[in-house]
Amino acid sequence: MLRERSSKRAILSGRGYSGRMREYDEPGDDLIRPEDFVVRPGIPSDARRMGLDRATEEGAMVELAGSLNRSKPSHRLVAWVLLLAFAAPLLFGVSRQLF
């Protein structure tokens, strides 16, 4: 036959197929975790009520801003860059009207 027959001794000692596969199942070595498929609440509930989600341009920006963590310096830098990117056109428009 093509398949190996497992003996009762191998099954009882845990050295059968499942016993050998337990050697590869080490906790913490999971490549894909169930938490990877959970949607993180990056968009506030009021924005979701307005119809914004990650598929819309505005919703993607709201989700990006909502996912920033103020304790990380790189996230603070991204927040400042976003603030400048949105404030610069306003400042240029106002300065053009005044001068």
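Cut-off values and rules
- Per-chain numbering applies: the sequence of each chain, read as written, is numbered from 1 onward.
- The predicted nature of this model means local features are confined to residues of pLDDT at least 70 and side-chain atom pairs, given and counted, to a pLDDT of 80 or more, with totals for whole chains, interfaces and linings taken over all residues.
- With hydrogens and water excluded, all non-hydrogen atoms of the structure serve as input to the side-chain values.
- Only DSSP runs of H or I reaching four residues or more are called helices, and only runs of E reaching two or more are called strands; each is numbered from the N terminus.
- For every residue, the accessible area (1.4 Å probe, protein chains only) is compared with the maximum for its type, and the residue is labelled buried under 20%, exposed over 50%, or partly exposed between those bounds.
- Between two residues, a contact is recorded if the distance between any of their heavy atoms is within 4.5 Å.
- The span expected for a helix works out to 1.5 Å for each residue beyond the first.
- A residue's bend is simply the angle between two axes: one fitted to the seven residues ending at it, one to the seven starting at it.
- Within a predicted model, pLDDT stands for the predictor's per-residue confidence, ranging from 0 to 100.
- Only residues whose relative accessible area exceeds 30% and that take part in no salt bridge are eligible for patches, with like-charged residues grouped when within 9 Å of each other and nonpolar side chains (Val, Leu, Ile, Met, Phe, Trp, Tyr) grouped when within 5 Å.
- Shrake-Rupley sampling with a 1.4 Å probe provides the accessible areas, and residues are treated as covered by the protein chains on show and by no other component.
- One speaks of a salt bridge when a side-chain nitrogen belonging to Lys or Arg is within 4 Å of a carboxyl oxygen belonging to Asp or Glu.

Along the backbone of the protein chain there are five helices and zero strands. For the protein chain, the succession of helices and strands along the chain, N to C, is α-α-α-α-α. Classification of the 99 residues of the protein chain by burial places 9% in the buried group. Taking contacts inside the protein chain between residues at least 6 apart in sequence as the whole, the part at least 24 apart equals 7%.

Attention now moves to helix 5 (residues 73-98). Counted at 1.5 Å a residue, the expected span for helix 5 with its 26 residues is 38 Å, and the 36 Å between its end C-alpha atoms agrees. Of all the bends in helix 5, the greatest, near 30 degrees, is centred on Ala87, and the proline Pro89 appears no more than four residues after it.

Model confidence for the protein chain is summarised by a mean pLDDT of 76, while 63% of its residues fall at 70 or above. Confidence scores differ between elements of the protein chain, with helix 1 (residues 8-12) showing the lowest mean pLDDT of 52 and helix 5 the highest of 92.

As a further point, take a nonpolar patch on the surface. A cluster of nonpolar side chains, Leu90, Val94, Leu98 and Phe99, forms an exposed patch at the surface whose accessible area comes to about 510 Å². Examined against the element boundaries, Phe99 turns out to sit in the segment after helix 5.

Turning next to the pattern of salt bridges. Evaluation of the coordinates by the stated rule reveals one salt bridge. Between Glu63 and Arg54 there is a salt bridge whose closest N-O contact spans 3.0 Å. Given a relative accessible area of 16%, Glu63 falls into the buried group. For Arg54, a relative accessible area of 57% puts it in the exposed group.

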